[in-house]
Amino acid sequence: MMTSTMLSTLHAVWGQSSGETLVFPTQGSDFAPAIDWLFYAITAISAFFFAIIVGVMVYFVLRYRRRPGHDAQPSASHNTPLEIAWSVLPGFILLAIFAAGFLIFLDLRRVPEGAYEIKVTARKWSWAFEYPNGLVMEDLHVPADRPVRLLMSSMDVIHSLFVPAFRVKQDLVPGRYTEMWFRATGAGTHRLYCAEYCGQKHSTMVANVVVHEPADFEQWLRIETDKTNNLPPAELGALLYKRQGCAQCHAIDDNVQGKAGPSFAKTFGTQQRLTNGESVTIEENYLRRSILEPLAQIRAGFQPVMPTYQGRLRDNEIDALIAYIKSLNPEATPKE
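Anyway, here's the lowdown on the structure attached to this text. (Residues numbered from 1 in each chain as written. Predicted model: local features only at pLDDT ≥ 70, side-chain atom pairs only at ≥ 80, totals over all residues. Heavy atoms only, no water.)

A few words on the overall build of the protein chain. The number of helices and strands found in the protein chain is 7 helices and 12 strands. For 336 residues, the compact-globule estimate of 2.2 N^0.38 gives 20 Å, and the C-alpha radius of gyration of the protein chain, at 29 Å, exceeds that figure by more than 25%. Taking the principal axes of the C-alpha coordinates as reference, the protein chain spans close to 105 × 50 × 30 Å. Residues counted as buried form 37% of the 336 residues belonging to the protein chain. Here the analysis covers contacts within the protein chain between residues at least 6 apart in sequence; of these, 62% occur between residues at least 24 apart. For the protein chain, the computed accessible surface area is about 19500 Å², with 58% contributed by carbon and sulfur atoms. For the protein chain, the separation between the mean place of its 31 positive charges and that of its 33 negative charges on side chains is 7 Å. (Helix = DSSP H or I, 4+ residues; strand = E, 2+ residues; numbered from the N terminus. Rg over C-alpha atoms; globule rule 2.2 N^0.38 Å. Buried < 20%, exposed > 50% of the residue type's maximum accessible area, 1.4 Å probe, protein only. Contact = heavy atoms within 4.5 Å. Areas by Shrake-Rupley, 256 points an atom, 1.4 Å probe, with all protein chains shown as cover. Lys, Arg positive; Asp, Glu negative; His and termini not counted. Charge placed at Lys NZ, Arg CZ, Asp CG, Glu CD.)

Here it is, written out as C-alpha cells:
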C-alpha cells in the first residue's frame, strides 16, 4: 500500500499528462511511458526500503544505546523465518523488475513489419540520414504514428545514437549493421546525440529529430528531393558539403583551427605538397580520387583519417562537390 502510494505520488509529480517530466525530457515515443514508469517504480521501491532500513537503524541506536543502569543484552544468533523473509521477498521484487525490463527490451528489439526504413551513417563528427529515394539529410526527419527502423553503420569508430525524448539508444559499430526502431507519438523537434565518446569533437556530434504529421512528411520528402535534384552543381555541392559531413573536417575559409583536413578555400588549381614529398595540382581528378581513395595522396601536414566515400556518393554528387570546391577559387586555372 505504501509503495503504491509512493508510485502514485512520483507519477503525479514527475509525469505530467502532456508528456513532460521533471526528470526526463518530453515523452516522444511509445517506449517512453513504460521506461519512465519502470524508472519511477525502481526509485520508489529503493526509497521505500531505504526509509525502512534507516528508520529501524535509528530506532535501534536509540533504543539500545549504552546508558546507566542497563547492561548489554545477548544478540539473537539466528532466526530462520526472518532469514527466509528477507531473502525470498526481495527476490520476488527483483524478478518483477527483471520481467518488466525484459518485456520492454523485447519491444525495443522487435521491429514491426512495414516499418519505414532510414539508413544512418555515423562518422567523426556528423550524422547522415538516407531515405529510400536516395535523399540524404544531416537531420533526421520521421513521420509521426508510424514505426521507423534505423539501419545504422559507422565509417570510423564506435558511435551511439541516442534520442532522449524517445528513450532509445543503440551503438553503431564499424564493419557491421545495427538497428533500432521507434514510433514517434506527435509532431515536434527533439535532439539527437552521440552517446559514445568518439574523439576530439564528440560533443558537436548532434542533430535534430523532426517529427512530421504523416501527410506533411510525404510533402516534405517530395519538396526536399525536388530541391536537391534541381540545384545547379555548385549549389548542390554546397548542400552536400554540409549533409555529408565534409564541414566537420574541411573549412571554406582560412580558419582551419580544429579541422582534420585542409581548407577548400582558394585551393583548386594550386600546387600542394604530399606526405611522400611529391607535389600535386589540385584539379578535378585529384579531388575525385581524394573522395573515393582518400589515403592515396595525402596532403603534407595532415593525418590519414578521412574515410572513403566509395559507394556513398553518386557520380553527379561527386561532380557537384568538385564544382563547389572549384567555386571557392574561381580565379584559379589548373596548371599543366
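Spatially, 5 strands are ordered β4-β10-β9-β6-β7 in an open sheet, and the strand pairing comes out mixed. The open sheet is flanked by β4 (140–143) and β7 (168–172), the only strands paired with a single partner. Adjacent strand axes in the sheet meet at a mean angle of 25° when their direction is disregarded. Bridge count for strand β9 (residues 188–194) against strand β10 (residues 206–212) is 6 bridges, and the pairing is antiparallel. For Leu192, the partnering residue across the bridge sits in β10 and is Ala207. Each of β4 and β10 is contacted by helix α4 (residues 214–229), which is oriented at about 135° to β4, the strand it contacts most. (Pairing = 2+ DSSP bridges. Axes fitted to C-alpha atoms, helices over the stretch in contact; angles between N-to-C directions.)

A few words now on a nonpolar patch on the surface. A surface patch of nonpolar side chains, about 690 Å² in accessible area, is lined by Phe49, Ile52, Ile53, Val56, Tyr59, Phe60 and Tyr64. By secondary structure assignment, the location of Ile53 is in helix α2 (residues 31–63). (Patch = residues over 30% accessible without salt bridge, like charges linked within 9 Å, V, L, I, M, F, W, Y side chains within 5 Å. Salt bridge = Lys/Arg side-chain N within 4 Å of Asp/Glu carboxyl O.)

Right, let's get into the pairing of β9. Two elements, strand β6 (residues 159–163) and β9, share 2 bridges in a ladder whose sense is antiparallel. Its bridge partner lying in β9, Phe162 is registered against Tyr193.

On to the sheet that holds strand β1 (residues 116–123). Taken in spatial order, the 5 strands of this open sheet run β3-β2-β1-β5-β8, and their pairing is mixed. Both edges of this open sheet fall to β3 (136–137) and β8 (178–183), since each of them pairs with a single strand only. Both strand β2 (residues 126–130) and β3 contribute to a ladder of 2 bridges, which runs antiparallel. Within β3, the position partnered with Phe129 by the bridge is Met137.

Time to look at the nonpolar core. Counting residues in hydrophobic clusters, the biggest one holds 37 residues, and the most contacted among them are Trp127, Phe129, Tyr131, Leu140, Leu150 and Leu161. Sorting elements by how many residues they give to this core places β1 first, with 4 residues. Beyond its immediate stretch of four places on either side in the chain, Phe129 contacts Ile118, Lys119, Val120, Leu135, Val136, Met137, Glu138, Asp139, Leu140, Leu161, Leu192 and Ala207. By size, the runner-up hydrophobic cluster in this structure holds 21 residues, among which are Tyr241, Phe264, Leu292 and Leu321. (Core = buried A, V, L, I, M, F, W, Y, C linked by side-chain atoms within 4.5 Å.)

With that settled, the discussion passes to unusual backbone geometry. In this structure, the amide linkage connecting Lys124 to the following residue, Trp125, adopts the cis form with an omega of 5°. Examined against the element boundaries, Trp125 turns out to sit in the loop between β1 and β2. The residue Asp145 is not glycine, and still its phi comes out positive at about 60°.

On to the environment of Pro232. Of note, Pro232 is situated in the loop between α4 and α5 (233–243). For the pair Pro232 and Ala320, spaced 88 residues apart in sequence, the C-alpha separation works out to 8.1 Å.

Looking now at the packing of aromatic side chains. Applying the stated criterion across every chain yields a total of 17 aromatic pairs. Ring geometry for Phe166 and Phe182: centres 4.7 Å apart, planes at 40°, overall tilted. One end of the pair, Phe166, is in the loop between β6 and β7; the other, Phe182, is in strand β8, with 16 residues separating them in the sequence. Its relative accessible area of 0% is what places Phe182 among the buried residues. Three or more aromatic residues joined by ring pairs form one cluster here, namely Tyr116, Tyr131, Phe217 and Trp220. Between Arg63 and the ring centre of Tyr64, over which it is positioned, the NZ or CZ distance is 5.2 Å. (Phe/Tyr/Trp six-rings, centres within 6.5 Å; stacked < 30°, edge-to-face > 60°. Lys NZ or Arg CZ within 6 Å of the ring centre and 35° of its normal.)

The quantities given are spatial measurements derived from coordinates; they are silent on function.
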